[in-house]
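Below, each chain spelled out in residue letters.
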Amino acid sequence: MRRIFQQQAIVWTVFFLIEMLSASAQAATAEKINASYGAISGSMAPIWVAKEARLFEKHGLDLNLVYISGGPRSIMSLLGGSIQFVNHSGMPALEAYQRGADTALIASPMNQLEHSLVVQKNITSTEQLRGKILGMSAAASLTDILLREGLRLNGISEKDVTIIPVGDLAARLSGLQTGRVHGVIIAGIQTLTATKMGFRQLIDFSKLPIEISGSGILVRRAYVNKNPDTTRKFLRGWIEGIYLLKAKPEFSLGVLKKYVAIQDTEVLNTMYGHYRDLLMTKPVPDGRVAKSMFYLLSRTNPEIPSGNPEGFAEPRFINELETSGFFEELNRQYAK
């Protein structure tokens, strides 16, 4: 009996050594790439989940994931070549595209707004915003564009208020707490956090007639045309992150807790449920949505070239994955 145990121990030791060597070899041969995400929001959860579950490694990539706040900075990094894939709203990249850059939207799992204008509790109507100071993330960012359009749709001219850049979501909530600003535009579950802190949701942007790509994958055409296999590997890992997010709530909640740095269980569960239902598993980019985003841009930037905004959406890679049976495979793998 003792000899049998010894033989089994040797077999398991050999097995683990082979597994370790295989993992080391895979890591050594994995292609190194850089990607960024642009918000501390549950809309970014698929790329977080994919990173933490090592799904990019599974598909042959060694992904360095960084946080870059604000669309303009993200697109500068993309155009400069330091970042190959950007997970962000499509708006800043569309503006660059209309001005001649080779940016493209190759995937979009969410085409509706999740923003809110949250204000001090003594402000009960949009009319009371006149003369007030409102905060957004950065000049020419998505939050800047949306805030101005949201005010316009509620009968308030941007000239009636003072709009200032405050920083990321945490900085905006801090500005509201300290009284530096009377209202801020925030996204996702931060609205629940803000209302629990005693602030008021004044404008719910999801109810406005605006359609945008809120959490797309943005690239340079020059890069993806030269590296189509790398692009497909990235999309496979990221899309599997969407499936895993929906199928494994306990794991996904742990990832959300890590990246959004929120300890409140109610907030985390609400965030998870919201994005589990909202994110599409087949994130085909839509030219119609690109056209809608261009309308928004032209409202705040009349001088932006008209061009062909529908051409910003590049469905080629998602269509190729569908043709290859990738989505059918994931549907089988993650079937409940």
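The shown structure was predicted, so the numbers you read here are calculated from the model rather than taken from an experiment. (Residues numbered from 1 in each chain as written. Predicted model: local features only at pLDDT ≥ 70, side-chain atom pairs only at ≥ 80, totals over all residues. Heavy atoms only, no water.)

The next thing to look at is the overall build of the protein chain. Helices and strands together make up the secondary structure of the protein chain, namely 15 helices and ten strands. Taking 336 residues into account, the globule formula puts the C-alpha radius of gyration at 20 Å, and the protein chain, at 22 Å, falls close to it. Along the first, second and third principal axes, the C-alpha atoms of the protein chain reach 85 × 45 × 35 Å. Relative to its full complement of 336 residues, the protein chain shows a buried share of 50%. Counting only contacts in the protein chain whose residues sit at least 6 apart along the sequence, the fraction spanning at least 24 positions is 80%. When the accessible surface of the protein chain is split by element, carbon and sulfur atoms take 53% of a total near 15,400 Å². (Helix = DSSP H or I, 4+ residues; strand = E, 2+ residues; numbered from the N terminus. Rg over C-alpha atoms; globule rule 2.2 N^0.38 Å. Buried < 20%, exposed > 50% of the residue type's maximum accessible area, 1.4 Å probe, protein only. Contact = heavy atoms within 4.5 Å. Areas by Shrake-Rupley, 256 points an atom, 1.4 Å probe, with all protein chains shown as cover.)

Even without glycine at this site, Arg54 takes up a positive phi of about 60°. Turning to its location among the elements, Arg54 is positioned in the loop between helix 2 (45-52) and helix 3 (55-58). Even without glycine at this site, Ala140 takes up a positive phi of about 70°. By the secondary structure assignment, Ala140 is in the loop between strand 6 (133-136) and helix 6 (142-153).

Taken as a whole and judged by the stated rule, the model has ten aromatic pairs. A ring pair is formed by Phe85 and Tyr223, whose centres lie 5.7 Å apart and whose planes are at 90°; its orientation type is edge-to-face. Of this pair, Phe85 sits in strand 3 (residues 85-88) while Tyr223 sits in helix 9 (residues 221-226), placing them 138 residues apart in sequence. Owing to a relative accessible area of 0%, Phe85 belongs among the buried residues under this scheme. Centre to centre, the rings of Tyr97 and Phe312 are 5.7 Å apart; their planes meet at 45°, and the pair counts as tilted. With Tyr97 in helix 5 (residues 91-98) and Phe312 in the loop between helix 13 (287-300) and helix 14 (316-323), this residue pair connects regions lying 215 residues apart in the sequence. (Phe/Tyr/Trp six-rings, centres within 6.5 Å; stacked < 30°, edge-to-face > 60°.)

Once that is clear, we can look at the pattern of salt bridges. Summed over the entire model, instances satisfying the criterion amount to 22 salt bridges. Notably, a salt bridge pairs Arg152 with Glu149, separated by 2.7 Å at the nearest N-O pair. Highlighted residues: Arg152 and Glu149, both in helix 6, separated by three residues, approximately one helical turn. Residue class for Arg152 comes out partly exposed when judged on its relative accessible area of 33%. When the shortest N-O distance is used, the salt bridge between Asp277 and Arg276 registers 3.2 Å. Among the residues examined, Asp277 registers a relative accessible area of 59% and is labelled exposed. (Salt bridge = Lys/Arg side-chain N within 4 Å of Asp/Glu carboxyl O.)

Attention now moves to helix 5. Most of helix 5 sits out of view: seven of its eight residues are buried. Met91, Pro92, Ala93, Leu94, Glu95, Ala96 and Gln98 are the residues of helix 5 that are buried. Contacts from the buried residues of helix 5 go to helix 4 (71-80), strand 3, strand 4 (103-107), helix 6, strand 10 (216-220) and helix 13. Positioned one or two residues after helix 5, Gly100 has a phi angle of 110°, which is positive.

Here we take up the side chain of Thr143. Along the chain, the position of Thr143 falls in helix 6. Non-local contacts of Thr143, meaning those with residues more than four positions away in its chain, are made with His115, Met136, Ser137, Ala138, Arg172 and Ile185.

By the element assignment, Asn111 lies in the loop between strand 4 and strand 5 (115-119). When neighbours within four sequence positions are excluded, Asn111 is seen to be in contact with Glu211, Ile212, Ser213, Met280 and Val289.

Pairing is mixed across the open sheet formed by five strands, whose spatial order is 7-6-8-5-9. The open sheet has two edge strands, strand 7 (162-165) and strand 9 (200-204), and neither has a second partner. Each strand axis lies, on average, 30° off the axis of its neighbour in the sheet, ignoring direction. Bridge analysis of strand 6 against strand 7 gives four bridges, and the strand direction is parallel. Residue pairing in the sheet places Gly135 in a bridge with Ile164 of strand 7. Across the face of the sheet, helix 6 comes into contact with strand 5, strand 6, strand 7, strand 8 (183-187) and strand 9 while running at roughly 140° to strand 6. Against the sheet, helix 7 (residues 169-178) makes contact with strand 5, strand 6 and strand 8, and its axis sits at roughly 150° relative to strand 8, the strand it touches most. (Pairing = 2+ DSSP bridges. Axes fitted to C-alpha atoms, helices over the stretch in contact; angles between N-to-C directions.)

Another point: empty space enclosed by the protein. Counted by the stated rule, this structure contains one cavity of 30 Å³ or more. Volume-wise, the largest cavity comes out at about 280 Å³. In terms of lining, the largest cavity is formed by 25 residues, of which the most central are Gly38, Ala39, His88, His115 and Thr143. Elements with a minimum of two residues in the lining of the largest cavity: helix 6 and helix 7. Looking at the lining of the largest cavity residue by residue, the classes come out as eight nonpolar, 14 polar and three charged. (1 Å grid on protein atoms, 1.4 Å probe; cavity = no way out; pocket = protein on both sides within 12 Å on 5 of 7 lines; lining within 4 Å. Points joined across faces, edges and corners; volume = space filled by probe spheres on them. Nonpolar A, V, L, I, M, F, W, Y, C, P; charged D, E, K, R; others polar.)

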